[in-house]
Amino acid sequence: MESIRNSINDFNEAKQSIPGGVNSPVRAYGSVGGTPRFIKEAKGAYVIDEDNNSYIDFVQSYGPLILGHSHDVVVDAVQQAVTRGLSYGAPTELETTLAKEIISTCEGVEKVRLVSSGTEATMSAIRLARAFSGKDDIIKFEGCYHGHSDSLLVKAGSGLATFGETSSKGVIQDIAKHTFVAKYNNLDSVYECIKSSKNIGAIIIEPIAGNMGLVPAKKDFLQGLRDICDKENIVLIIDEVMSGFRASLKGSYPFYEVVGDLSTYGKVIGGGMPLAAFGGRAEIMDMLSPIGGVYQAGTLSGNPIAVTAGLATLAVIKQDSKIYQRLESLANRFANGFRDIANKHNIALQTNVRGSMVGFFFTEEPVYDWELAAKSNTKFYSKFHAGMLDRGVNFAPSQFETSFICSAFNEAIIDEVLEKINDTLAQIK
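Residues numbered from 1 in each chain as written. Predicted model: local features only at pLDDT ≥ 70, side-chain atom pairs only at ≥ 80, totals over all residues. Heavy atoms only, no water.

Chemist: Outline the sheet that holds strand β16 (residues 357-361), listing residues and values.
Modeler: Across the sheet, three strands lie side by side as β15-β16-β18; this open sheet has antiparallel pairing. Bordering the open sheet on either side are β15 (350-354) and β18 (403-404), each of which pairs with just one other strand. Sheet topology note: the β15/β16 ladder contains five bridges and is antiparallel. Looking at the pairing, Asn-352 lines up with Gly-359 of β16. (Pairing = 2+ DSSP bridges. Helix = DSSP H or I, 4+ residues; strand = E, 2+ residues; numbered from the N terminus.)

In structure tokens form, the structure reads like this:
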């Protein structure tokens, strides 16, 4: 890799005016060491930093860019929309069009409210679920991330059925005590939480968890949650902020055939711009203000530029009937090739694939919950990450993130990356 002098200087300057030099913590490279690359432009499968180094990009803005960076159709649509105004603070036909796209595509969604971020979507869905159920407590799962609202910045307590403990300063225990933390892919822990609380109003889950690395739910586990919620009058919230329109056109549904009472969406539906949504059964959604008593609002909700980017992205996806099949094929080519190379070098590696989402862990055991993910060799990942950056490949700066395949990838790019992986693993050993 060539010099990264400009990124080093940019990072040092950023730290003078931005806490930690970044506006989202993982970007600081705290988990892997080294200097974050400051990106100046991107196209297709590649990002280019301020030193003009080019990288094959598996981050893809952490999921939204299923078409790759700066897709011509999306860019053209946004450029045209900008000339008509950036924001109105008033309703537009575009918002209704996107809402109808989501409703017509996603199972169990009868009405939708647009917001500006995944955090906002999950926070609002939980408030709505509590109002509908009339119960205060919620269950989330260890290793799942649903944004940084107070109710969700909670980690597991000291006992199986205890309520959670705050995982961030500034979150008060009086809020955290209403969040119970169960084990992913473990129904027994859910029953224990329900028994301990006696007041669970909502369960929120990533059906394809992407924030402890990629860890898909087991089919009987997700169906078990649906059965529990039906029996106990609990609102099931399926968090598809990452997996919606990403794992497949219908998100997690083709893999599990489980429908939530409420679902949250983001990333792909904004085409790379700040946009998210929550939706579900009409009787629940109609509790929202202005027709119901649950307040939720946002000045930039349904921003016309972001909605335009999302609509353009979905239009391209729907015009290509083979896109998900092609992306999954590339994801499997990457995962299978990576495993073969790791085996050759006697390096423990586990991989998971869901559609265009890929996860890999440097660990001996298959990963199906946070406890197993946490056994991964993070020091080895740091060396791997640095070695791949030096060879022009950008993976997320944490073992516990997901990699993404975009439509700008092809077999030649995947094979090039696999060659670089082979060189990197040989060097580390």
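Chemist: So what about the packing of aromatic side chains? Which residues, and what values?
Modeler: If you walk through the whole model with that rule in mind, you get 24 aromatic pairs. Between Phe-58 and Phe-334 the ring centres are 5.1 Å apart and the planes differ by 35°, which places this aromatic pair in the tilted class. Of this pair, Phe-58 sits in the loop between β3 (54-57) and α2 (72-82) while Phe-334 sits in helix α11 (residues 323-344), and the two are 276 residues apart along the sequence. Overall, the relative accessible area of 0% leaves Phe-58 in the buried class. (Phe/Tyr/Trp six-rings, centres within 6.5 Å; stacked < 30°, edge-to-face > 60°. Buried < 20%, exposed > 50% of the residue type's maximum accessible area, 1.4 Å probe, protein only.)

Chemist: So what about the side chain of Ser-124? Which residues, and what values?
Modeler: Here Ser-124 shows up in helix α4 (residues 118-133). Classification of Ser-124 by relative accessible area gives buried; the value is 4%. Here Ser-124 is in contact with Phe-278 and Gln-296, once residues within four sequence places are set aside. (Contact = heavy atoms within 4.5 Å.)

Chemist: Can you break down the pattern of salt bridges residue by residue, with the values?
Modeler: As enumerated under the stated definition, the model contains 15 salt bridges in all. Between Glu-107 and Lys-250 there is a salt bridge, with its nearest N and O atoms 3.1 Å apart. Of this pair, Glu-107 sits in the loop between α3 (93-105) and β4 (111-115) while Lys-250 sits in the loop between β12 (235-240) and α8 (253-256); the two residues are 143 residues apart in sequence, bridging distant segments of the chain. Of the charged contacts in the structure, one is a salt bridge between Arg-281 and Glu-283, with a shortest N-O distance of 2.3 Å. A cluster of three or more residues bridged by salt bridges with shared partners is formed by Arg-226, Asp-230, Asp-261, Arg-281 and Glu-283. (Salt bridge = Lys/Arg side-chain N within 4 Å of Asp/Glu carboxyl O.)

Chemist: Lay out helix α1 (residues 5-14) in plain terms, naming residues and giving numbers.
Modeler: Every buried residue of α1 is listed here: Ser-7, Phe-11 and Ala-14. Considered in projection along α1, the buried side chains sweep an arc of 65° and stay on one side of the axis. When the buried face of α1 is taken as reference, the exposed residues oriented beyond 90 degrees from it are Arg-5 and Glu-13. At its buried positions, α1 is contacted by β2 (46-49). (Arc of directions from axis to C-beta.)

Chemist: Can you lay out the domain arrangement of the protein for me, pointing to particular residues and giving the numbers?
Modeler: Where interface size is given, it is often the accessible area lost as the parts come together that is meant. According to the domain assignment, the protein contains domain 1 (4-70 + 321-428) and domain 2 (72-319). The centre of domain 1, based on its C-alpha atoms, is set 25 Å off from the matching centre of domain 2. Each partner contributes residues to the interface: domain 1 has 33 residues there, and domain 2 has 35 residues. Between domain 1 and domain 2, a total of about 2700 Å² is buried, with carbon and sulfur atoms accounting for 62% of that surface. (Domains from an automatic or database assignment. Buried area = accessible area lost by both parts, 1.4 Å probe.)

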